[in-house]
Amino acid sequence: MNEPLAPAIVWSLAAYDGTLYAGGLFLWTDVLPMSTLAGLSIVAEPEEPPAPLPSSIALSAPFPNPARSATTLRYALPSPAVVDLAVYDVRGRRVESVIAGKLQTAGEHEVPLRTTGWPAGFYFCRLQIGETSIARKFVVLQ
């Protein structure tokens, strides 16, 4: 039969050089057996620096390509911008407006695109930011 754990009491705390020291009446700290005095690291793990912002507007080829039921559109912005992202068929007809006139933050973005029910064929995704336009082709299979 398991014995109930005795109550833990901490009488004093002190921090020094990235370690928190606790003194008192206890048998465990978290899952480690320690009694009367425990030292616990309080040094935070270093955070990864944020990814650098892209130097120019970019639109990657959709992935996967060819697509059966879905693909992902990835683009990058060097600064916040109003974005239009749309898909067109080979005749230039707009098949889908993915993003229409929405302010996007600087950095890398990805948007899922469902292609279920689309006729098999070639398509173009076009990223429009102000006067800048970038297009990438992709294939949809049934």
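Let me begin by describing the structure that accompanies this report.

Calculation criteria
- One numbering rule holds for all chains: residues counted from 1, following each sequence as written.
- Only residues with pLDDT of at least 70 are given local features in this predicted model, and only at 80 or more are side-chain atom pairs given and counted; all residues enter the totals for whole chains, interfaces and linings.
- Just so you know, side-chain values use all the structure's heavy atoms and leave hydrogens and water out.
- Here a helix means four or more residues in a row that DSSP labels H or I, a strand means two or more in a row labelled E, and each is numbered from the N terminus.
- Per-residue accessibility, obtained with a 1.4 Å probe over protein chains only, is compared with the maximum for each type, and a residue is labelled buried under 20%, exposed over 50%, and partly exposed between these values.
- Contacts are assigned to residue pairs with any non-hydrogen atoms lying within 4.5 Å of each other.
- Note on areas: these come from Shrake-Rupley sampling with a 1.4 Å probe, and a residue is covered only by the protein chains present in the view.
- DSSP bridges decide pairing: two strands pair if at least two such bridges lie between them.
- What makes a patch is a set of residues exposed beyond 30% relative accessible area and free of salt bridges, joined within 9 Å when like-charged and within 5 Å when nonpolar (Val, Leu, Ile, Met, Phe, Trp, Tyr).
- A carboxyl oxygen of Asp or Glu within 4 Å of a side-chain nitrogen of Lys or Arg is what we treat as a salt bridge.
- Axes, fitted as lines to C-alpha atoms, cover a helix only where it is in contact. Angles between the N-to-C directions of the axes lie from 0 to 180 degrees.
- Pairing of aromatic rings covers Phe, Tyr and Trp, the last through its six-membered ring, and needs centres within 6.5 Å; plane angles under 30 degrees mean stacked, over 60 mean edge-to-face, and all others mean tilted.

**Regarding the overall build of the protein chain**
- A tally of helices and strands in the protein chain yields zero helices and 12 strands.
- Beginning at the N terminus, the succession of helices and strands in the protein chain can be written as β-β-β-β-β-β-β-β-β-β-β-β.
- Expressed as a percentage of the 142 residues in the protein chain, the buried residues total 28%.
- When contacts within the protein chain are restricted to residue pairs at least 6 apart in sequence, long-range pairs at least 24 apart make up 45% of them.
- For the protein chain, the accessible surface area stands at approximately 10100 Å², while carbon and sulfur atoms represent 58% of it.

**Some words on the pairing of strand 2 (residues 19–25)**
- Where strand 1 (residues 9–16) lies against strand 2, seven bridges are found, and the strand directions are antiparallel. Looking across to strand 2, one finds that Ala14 is bridged to Tyr21.

**Some points on the environment of Gln128**
- Relative to the assigned elements, Gln128 resides in strand 11 (residues 121–129).
- With 43 residues separating them along the chain, Gln128 and Leu85 place their C-alpha atoms 6.3 Å apart.
- Discounting chain neighbours no more than four positions away, the residues touching Gln128 are Val82, Val83, Asp84 and Ser133.

**Observations regarding the environment of Phe124**
- Along the chain, Phe124 falls in strand 11.
- Residues Phe124 and Val95 lie 29 residues apart in sequence; the distance between their C-alpha atoms is 9.5 Å.
- Contacts of Phe124, omitting those with residues within four sequence positions, involve Ala86, Val87, Tyr88, Asp89, Val90, Arg136, Lys137 and Phe138.

**Things to note about the environment of Ala22**
- Topologically, Ala22 is positioned in strand 2.
- Apart from the residues lying within four places of it in its own chain, the contact partners of Ala22 are Val10, Ser12, Leu13, Thr36, Leu37 and Ala38.

**Some thoughts on unusual backbone geometry**
- Cis rather than trans, the peptide bond between Phe63 and Pro64 has omega equal to 0°.
- Relative to the elements of secondary structure, Pro64 occurs in the loop between strand 6 (58–59) and strand 7 (70–77).
- Cis geometry is found at the peptide bond from Asn65 to Pro66, where omega equals 15°.
- Secondary-structure assignment places Pro66 in the loop between strand 6 and strand 7.

**Structural notes on a nonpolar patch on the surface**
- Together, Ile9, Trp11 and Leu25 line one region of the surface with nonpolar side chains, adding up to about 350 Å² of accessible area.
- Along the chain, Ile9 falls in strand 1.

**With respect to the sheet that holds strand 1**
- Spatial strand order, 1-2-5: three strands in an open sheet with antiparallel pairing. Strand pairing shows two members of the sheet lacking a second neighbour, strand 1 and strand 5 (37–41), which therefore form its edges. Averaged over all adjacent pairs, the angle separating strand axes in this sheet is 25°, with direction ignored.

**A word on the packing of aromatic side chains**
- On inspection of all chains with the given rule, the structure shows two aromatic pairs.
- Measuring from centroid to centroid gives 5.1 Å for Trp118 and Tyr123, while their planes differ by 45°, and the two rings are tilted. We note that Trp118, like Tyr123, is buried.
- One aromatic cluster in this structure is built from Trp118, Tyr123 and Phe138.

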